[in-house]
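An overview of the molecular structure
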Amino acid sequence: MLIGQLNLVPVMKGVVFTEFLDLVDQEFGEVTVDQIVEESDLPSHCVYTAVGTYDYSELDYLLSSLANKSGISKPALLMRYGEHLFGRFTTLYPAFLSDASDVFSFLERVETQIHVEVLKLYPDAELPTFESERLSPQCFKMTYRSQRPLQDLCEGLIRGAMKHFDEEFVISRQDQSSQNETQFVFTITRV
Ligand code: HEM
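So, here is what we can say about the structure in this document. Everything numeric here is computed off the predicted structure, so don't read it as measured data. (Residues numbered from 1 in each chain as written. Predicted model: local features only at pLDDT ≥ 70, side-chain atom pairs only at ≥ 80, totals over all residues. Heavy atoms only, no water.)

**Some thoughts on the site of the ligand**
Close to the ligand lie 27 residues; K13, H115, Y144, S146 and R148 are nearest. At 2.5 Å from an oxygen atom of the ligand is found a side-chain nitrogen or oxygen belonging to Y144. At a separation of 2.7 Å, an oxygen atom of the ligand approaches a polar side-chain atom of R148. Of all elements in the fold, only β1 (11–13), α1 (14–28), α5 (103–121), β4 (139–146) and α6 (151–164) reach the threshold of two or more residues within the shell around the ligand. Residue contributions to the shell around the ligand peak at 5 residues, all from α5. Classifying every residue of the shell around the ligand by side-chain character gives 22 nonpolar, 2 polar and 3 charged. (Near = heavy atom within 4 Å. Polar contact = N/O pair within 3.5 Å; in protein donor to acceptor, adjacent residues only side chain to side chain. Helix = DSSP H or I, 4+ residues; strand = E, 2+ residues; numbered from the N terminus. Nonpolar A, V, L, I, M, F, W, Y, C, P; charged D, E, K, R; others polar.)

**Here we look at the pairing of strand β6 (residues 182–190)**
Counted residue by residue, β6 has 7 buried out of 9 residues, so it is predominantly covered. As defined by bridge partners, β4 adjoins β6 across 8 bridges and the pair is classed as antiparallel. Considered in β6, the bridge of T143 is made with V185. One ladder, built from 7 bridges, connects strand β5 (residues 169–175) with β6; its direction is antiparallel. What sits directly across from D175, in β6, is F184. Where β5 folds back on β6, the antiparallel hairpin that results is connected by 6 residues. (Buried < 20%, exposed > 50% of the residue type's maximum accessible area, 1.4 Å probe, protein only. Pairing = 2+ DSSP bridges.)

Here it is as structure tokens:
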């Protein structure tokens, strides 16, 4: 990844933006989407295509704007968005879910299979990395590393997966981030 070496701004695939505006539309209404778009002064003018690539800072701006309007904090919105996005992934990419019978075996595959396939679809995607470990039959550890501080989106995606597999868990997380990288350890325990 070039970030760090060339000081590039992290970028994200358009699907992350189109689905975010979809969530705003569904949960906060079309008027809120229009207000956010009209008030924004972004390079993209909020015109996103799923395969396009846009600055991560635009997502941060859209989140701040929605937080101001809704009174809901940015971390809470990101987590909600993660759950919503996972639901959308199940519709957009059903094949990625067909092999897994439970949430742990699904989460293990995010790094080794799913994001690998995502990179084939979107070769310029900048994906986080995960390290997974089964601590016991009931307990799973997943370490998230990224150039972006998207740990709340990550937790939302994990919660979305738990909902999808209809399993009940408790999630705890530990911040091990440094100046250069976000690193969170999620511990997921079956209840
Ligand atoms: C069907 C399942 C999944 C698909 C199709 C998928 C696909 C994607 C795509 C397209 C992106 C955007 C990459 C970019 O902007 O360049 C992304 C980012 C991301 N994915 Fe996945 N993903 C899936 C499951 C998951 C799960 C279960 C997790 C959490 C454990 C996860 C964690 C993340 C995070 C946190 C990001 C944001 C980028 C970052 O943090 O650096 N994904 N994923």
